[in-house]
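Here is how the chains run, residue by residue.
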Amino acid sequence: MCVKWLKMEFVLGALGASGAVCFTNPLEVIKTRFQLQGELKKAGNYKIHYRNFAHAIYVVAKNEGPLALQKGLLPSMGHQVFLNGTRLGIFDLAQKKKWILKNDGTVSLIKSAFVGAGAGMLGGFLGSPLGMLKIHLQSFSAQSIAVGHQHNTTSTINGLLTLYNKYGVVRGLWRGATGAMVRIGVASAAQLSTISLLNEALIDNGVLTKDQKFLSTLICSMLGGILMSIVMAPFDLVSTRLYNQAVDAKGRGLLYSSYIECMTKTFKQEGIYGLYKGVVPCYLRLGPHVVLSMVFWDRLRMLESEVSSRIKATQSL
């Protein structure tokens, strides 16, 4: 039964997140460009191609065409299948098994954060190759507005095969996985534990009833997205830069040899502002993505529950 639940929740989580990313991918393209702009350069020592969120959308559309705002959509959807299919599936199983509850039946912040972090790190690891390829495609741009290293990746399959043939499995496909695991682990712990606690608080304090499931999911997702983006921004930036940096013939990074080096180098050269580059597009992308993915996920779970109940009722006749 445990395996059956996990299989179904993997599918539901993957479908919910993949549906959401179709709407939010353009926001992630902009976020990626901001995070790579002025990499390891002090303020005033680099050309600013993207001044703000609205200007960035205009610049990308003008120089590369409107469709450029959907760069990396295919690997992004695939990334969501592994990432959110895994973490949402495991977290839902934990909810059904009551692994995140205290002895008195209320939600435990520590248990929720622990399960959320673990599920997120596993999902981040499994989806890492597609996550890296997504960054390569999103950062690749017209030379006049290029930021960061340009990988000149043309497609999802071509990109994966090139990485594997050149550098192998570890330094090719799973390069930068550590950054992705930390990023998702922190974000997942903040998001899933916050949403669970907020949902419980809204119902316990009479703000909403248990029947107002959709509204509760919407409110909790929006509030959880704010916290998630603030906590996650520096880790997200480091993950993007580790994925996007140029490498030598053996697949070793030319700018950063480790997660810690990327974090410290960025802070020394760009200050705290550097670690929070792209925080606005990060939330503008993350907020709608969290809301849409959680709402889609919640609707799909309700549909699956209704269908299962009808099948059981039919079988008992």
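Residues numbered from 1 in each chain as written. Predicted model: local features only at pLDDT ≥ 70, side-chain atom pairs only at ≥ 80, totals over all residues. Heavy atoms only, no water.

- As recorded by an unreviewed UniProt entry, the protein chain carries the name Solute carrier family 25 member 35-like and is attributed to Aphis craccivora.
- What the UniProt record of the protein chain gives under Sequence similarities (unreviewed entry) is the line "Belongs to the mitochondrial carrier (TC 2.A.29) family."
- According to UniProt, the comment filed for the protein chain under the heading Subcellular location (unreviewed entry) is "Mitochondrion inner membrane". (UniProt positions renumbered as here; feature names shortened; annotations may be inferred.)

### Let's talk about the pattern of salt bridges
Then step 1. If you walk through the whole model with that rule in mind, you get 10 salt bridges.
Then step 2. Residues Arg 183 and Asp 236 are paired through a salt bridge, measuring 2.3 Å at the closest nitrogen-oxygen approach. Of the two residues, Arg 183 sits in helix H8 (residues 177-204) while Asp 236 sits in helix H9 (residues 213-244), which places them 53 residues apart along the sequence. The same class applies to Arg 183 as to Asp 236, namely buried. (Salt bridge = Lys/Arg side-chain N within 4 Å of Asp/Glu carboxyl O. Helix = DSSP H or I, 4+ residues; strand = E, 2+ residues; numbered from the N terminus. Buried < 20%, exposed > 50% of the residue type's maximum accessible area, 1.4 Å probe, protein only.)

### Re a nonpolar patch on the surface
Then step 1. Together, Phe 82, Leu 122, Phe 125 and Leu 126 make up a nonpolar patch on the protein surface, roughly 320 Å² of accessible area in all.
Then step 2. No other element matches helix H4 (residues 109-126), which puts 3 residues into the nonpolar patch.
Then step 3. You can see Leu 122 is positioned in helix H4. (Patch = residues over 30% accessible without salt bridge, like charges linked within 9 Å, V, L, I, M, F, W, Y side chains within 5 Å. Areas by Shrake-Rupley, 256 points an atom, 1.4 Å probe, with all protein chains shown as cover.)

### Topic: the UniProt feature "repeat: Solcar" (unreviewed entry) in the protein chain
Then step 1. In this numbering, the UniProt entry assigns the feature "repeat: Solcar" (unreviewed entry) to residues 4-97, 107-201 and 212-303.
Then step 2. Taken end to end, residues 107-201 is 76% helix and 0% strand, and its first and last C-alpha atoms sit 10 Å apart.

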